[in-house]
Amino acid sequence: MIHSSNQQGFLIAGILLISINLRTSISSVGPLVPFIREDLGLSNGLAGFLTTLPLLTFATFSLFAPAIGKKLGIGRAIFLGMILLAVGVILRVLGGIPLLLFGTALTGVGIVLANVLLIPLIKIRLPQKLGLMTALLATMMSLFAAVAAGVSVPLAVDLDLGWRGALAFWVVFIGIAMFIWMPQLWRKKVTGSGEGAPAKNVWRSKLGWYVTLFMGCQSVMYFTLTAWLPDMLISRGWSPVEAGAISSIMQLFGLVGSYFAPGILIRQKQQSTFTLVIGLIYLIGFIGLFSSIEWITYASLIGIGICMGASLSIGYVLISLRTAEDQTTSKLSAMVQSIGYYLAAAGPFLFGLSLDFFADWDYLIYFMLFFTVQFIYFGTYAGRDLKI
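In short, a report on the structure. As the structure is a computational prediction, the values presented were derived from the model and not from experiment. (Residues numbered from 1 in each chain as written. Predicted model: local features only at pLDDT ≥ 70, side-chain atom pairs only at ≥ 80, totals over all residues. Heavy atoms only, no water.)

For the protein chain, the helix and strand inventory stands at 16 helices and 0 strands. For 388 residues, the compact-globule estimate of 2.2 N^0.38 gives 21 Å, and the protein chain sits close to it at 20 Å. C-alpha extents for the protein chain along the principal axes are approximately 60 × 50 × 35 Å. Looking at the protein chain as a whole, 54% of its 388 residues are labelled buried. (Helix = DSSP H or I, 4+ residues; strand = E, 2+ residues; numbered from the N terminus. Rg over C-alpha atoms; globule rule 2.2 N^0.38 Å. Buried < 20%, exposed > 50% of the residue type's maximum accessible area, 1.4 Å probe, protein only.)

So, in C-alpha cells, the structure goes:
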C-alpha cells in the first residue's frame, strides 16, 4: 500500500511539474521581443511570427500525439515531449534567426505532445481525482504563464542574463519535471477500462465537433483578447502601465475559474447549464466594455477573466467526460487542440484585419460577442450527458 501511495505521489507531482512547463517557454517570449528584435534585426512581422509559430506547431503536431502515445505508452511519450521541449528551449538561444525559429517550433512540438496526452493519462491513472487534477493542470499552466511573462524582463535586465539567458532559464524547471517523471518510464504501458476497445472516429462524430468547436471558441476569445486588449485600453486614454496591469489582473482572476470549474462540472450529470452560466457572464462582461466608466471596465474584465479560466478547464473536462475508450480520449484531445490552436492563431490576425478596415475598437467587443454566442451554442450541445 505504501509503495502504491508513493507511486501515485510521484505521478501527481510529475503532472504538476510538467504542467508548469507547458506555457512558460511561450509566455516568456512576448516581453522579450524588443530585445530579440534589436539583437537579431528581426522585422516586426517576423517578431510577431515568434508568438504565432508555437500555436501552429501545436495545431499541426497534436494530431500525431495519440499514435506516439499508443506506440511508446503515454508516460514515455510525455517524457519524449519534455526532451523535445528542453532541446528546443536551448537551441533557440544558441544562434541567429534560423535556430531561433527552429528551436521555437520544436518547443511547440514538445509541449503539445505532453499537453494532449496528460488528459487521457489523468483519466486512466487517476479517475477518482479527475476533477481535481484537471483543475490543477489548467491552473498551474495559467499561473506559470503569468509568472514567466512577469519575470522575463527582470531576468534579462536586472540579473543581466540578456534575452538568451532569460529564455534558457526555464530549462531548469523542465529538468526538474523530467527527473520527477522518470518513475513513469519503468511502468508498463498505460492501460485502462477501454483497453482493447477500438477508438471511435472522432472526426465523424457530431458530439466530437461540438466539443472541438467549443474549445476553439474559447481559444479564439482568449488569444485575441489578451493580444489586443491593452491596445484598446490605451486608445481610450489608459496609460500602458494601467493597461498592462488590468490585463494581468484579468488573467490572475482566471486562476479562480480554472481551479473551481472542474469540481463543479464533475458533480453534474450534464454540463450544459454551467457552460450557459459562464457564457452569460461572458456576455455581460463584454457588453460592459462598451462603457468608458473605469470601475465598470474593471468589473467586466474580472468577470471575463474568471470565465476564461473556467472555459479552459471546461474544455479539458469535456474531453474526458464525452469519451468512453482511452484511445478515443487521446484522439479527441488531439482533435480539440489541433482545431483549437489553428483558430487561436487565426483570431488575433483576423481581428487585426478588421481593425485596419473599420478603424473602430468597438469591433473587438463585437468580435468577442460573436464568439461568445457560438461558445454558448456549442457548449450547450457538448455538455449533454452523451459519449462518443
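This part covers the packing of aromatic side chains. Applying the stated criterion to the full structure yields 27 aromatic pairs. Ring centres 6.4 Å apart and planes at 40° place the aromatic pair Y210 and F378 in the tilted group. In this pair, Y210 is assigned in helix α11 (residues 206-235) and F378 in helix α16 (residues 362-382), connecting sequence segments 168 residues apart. Considered together, Y210 and F378 belong to a single accessibility category, that of buried residues. Taken together, W228, F351, W361, F367, F370 and F371 form an aromatic cluster joined through their ring pairs. (Phe/Tyr/Trp six-rings, centres within 6.5 Å; stacked < 30°, edge-to-face > 60°.)

For the rest of this paragraph, the subject is the side chain of T107. Structurally, T107 can be placed in helix α7 (residues 97-125). Separated by 2.5 Å, the side chain of T107 and the backbone oxygen of T104 make a polar contact. Among all residues touching T107, those that are not within four sequence positions of it are S25, L85, G88, V89 and R92. (Polar contact = N/O pair within 3.5 Å; in protein donor to acceptor, adjacent residues only side chain to side chain. Contact = heavy atoms within 4.5 Å.)

Turning our eyes to something else, we now look at the packing of helix α13 (residues 272-288) against α16. Viewed as axis vectors pointing N to C, α13 and α16 meet at an angle of 170°, and their least axial separation amounts to 9 Å. Classified by the interaxial angle, the pair formed by α13 and α16 is roughly antiparallel. Two secondary-structure elements touch here, α13 through S272, T275, L276, I278, G279, L280, Y282, L283, F286 and I287 and α16 through I365, M368, L369, T372, F375, I376, G379 and T380. Its residues assigned to classes, the contact of α13 with α16 comprises 12 nonpolar, 6 polar and no charged. (Axes fitted to C-alpha atoms, helices over the stretch in contact; angles between N-to-C directions. Parallel < 35°, antiparallel > 145°, perpendicular 65-115°, else oblique. Nonpolar A, V, L, I, M, F, W, Y, C, P; charged D, E, K, R; others polar.)

As a further point, take the pattern of salt bridges. Close approach of charged atoms allows side chains with opposite charge to pair. Applying the stated criterion across every chain, the model contains 2 salt bridges. A salt bridge links K200 to E325; the nearest nitrogen and oxygen atoms lie 3.3 Å apart. In this pair, K200 sits in the loop between α10 (171-181) and α11 while E325 sits in the loop between α14 (294-321) and α15 (326-358), placing the two residues 125 residues apart along the sequence. Among the residues examined, E325 registers a relative accessible area of 11% and is labelled buried. (Salt bridge = Lys/Arg side-chain N within 4 Å of Asp/Glu carboxyl O.)

Looking now at a nonpolar patch on the surface. A grouping of L132, I249, F253, V256, Y259 and F260 is seen on the molecular surface, where their side chains present a nonpolar patch of about 510 Å² in accessible area. Of the residues forming the nonpolar patch, the biggest block, 5 residues, is contributed by helix α12 (residues 240-266). Note that I249 resides in helix α12. Judged by its relative accessible area of 30%, I249 is partly exposed. (Patch = residues over 30% accessible without salt bridge, like charges linked within 9 Å, V, L, I, M, F, W, Y side chains within 5 Å. Areas by Shrake-Rupley, 256 points an atom, 1.4 Å probe, with all protein chains shown as cover.)

All right, on to the state of the cysteines then. Here, the word disulfide means a covalent bond between the sulfur atoms of two cysteines. What the rule picks out here adds up to 0 disulfides. For the unlinked cysteine C217, the closest cysteine sulfur is that of C307, found at 14 Å. (Disulfide = S-S within 2.5 Å.)

The subject of this paragraph is unusual backbone geometry. At D160, a residue that is not glycine, the phi angle is positive and equals roughly 60°. Along the chain, D160 falls in the loop between α8 (130-157) and α9 (162-168). Residues other than glycine seldom take positive phi values, yet A359 does so here, at roughly 55°. The residue A359 is located in the loop between α15 and α16 in this model. On the basis of relative accessible area, A359 is assigned to the exposed category, the value being 66%.

Once that is clear, we can look at α14. Each turn of an α-helix holds 3.6 residues, which means side chains three or four residues apart point in the same direction. If you check α14, its first and last C-alpha atoms are 40 Å apart, about what 28 residues at 1.5 Å a residue would give, namely 40 Å. Counting buried residues along α14, 21 of its 28 residues qualify, which places the element largely inside the surrounding structure. (Expected span 1.5 Å × (residues − 1).)

Turning our eyes to something else, we now look at the environment of A166. With respect to the element layout, A166 can be found in helix α9. When the C-alpha positions of A166 and S205 are compared, they lie 44 Å apart, and in sequence the two are 39 residues distant. If we ignore the near neighbours within four places in the chain, the residues touching A166 are L32, S152, L155, A156 and L161.

Relative to the assigned elements, S27 resides in helix α2 (residues 24-27). We classify S27 as buried; its relative accessible area is 18%. Setting aside residues up to four positions removed in sequence, S27 forms contacts with F144, A145, A148 and A149.

So, about the environment of L72. Assignment of secondary structure puts L72 in helix α5 (residues 65-72). For L72, a relative accessible area of 33% gives the class partly exposed. Considered as a pair, L72 and L113 are 41 residues apart in the sequence and their alpha carbons are 12 Å apart.

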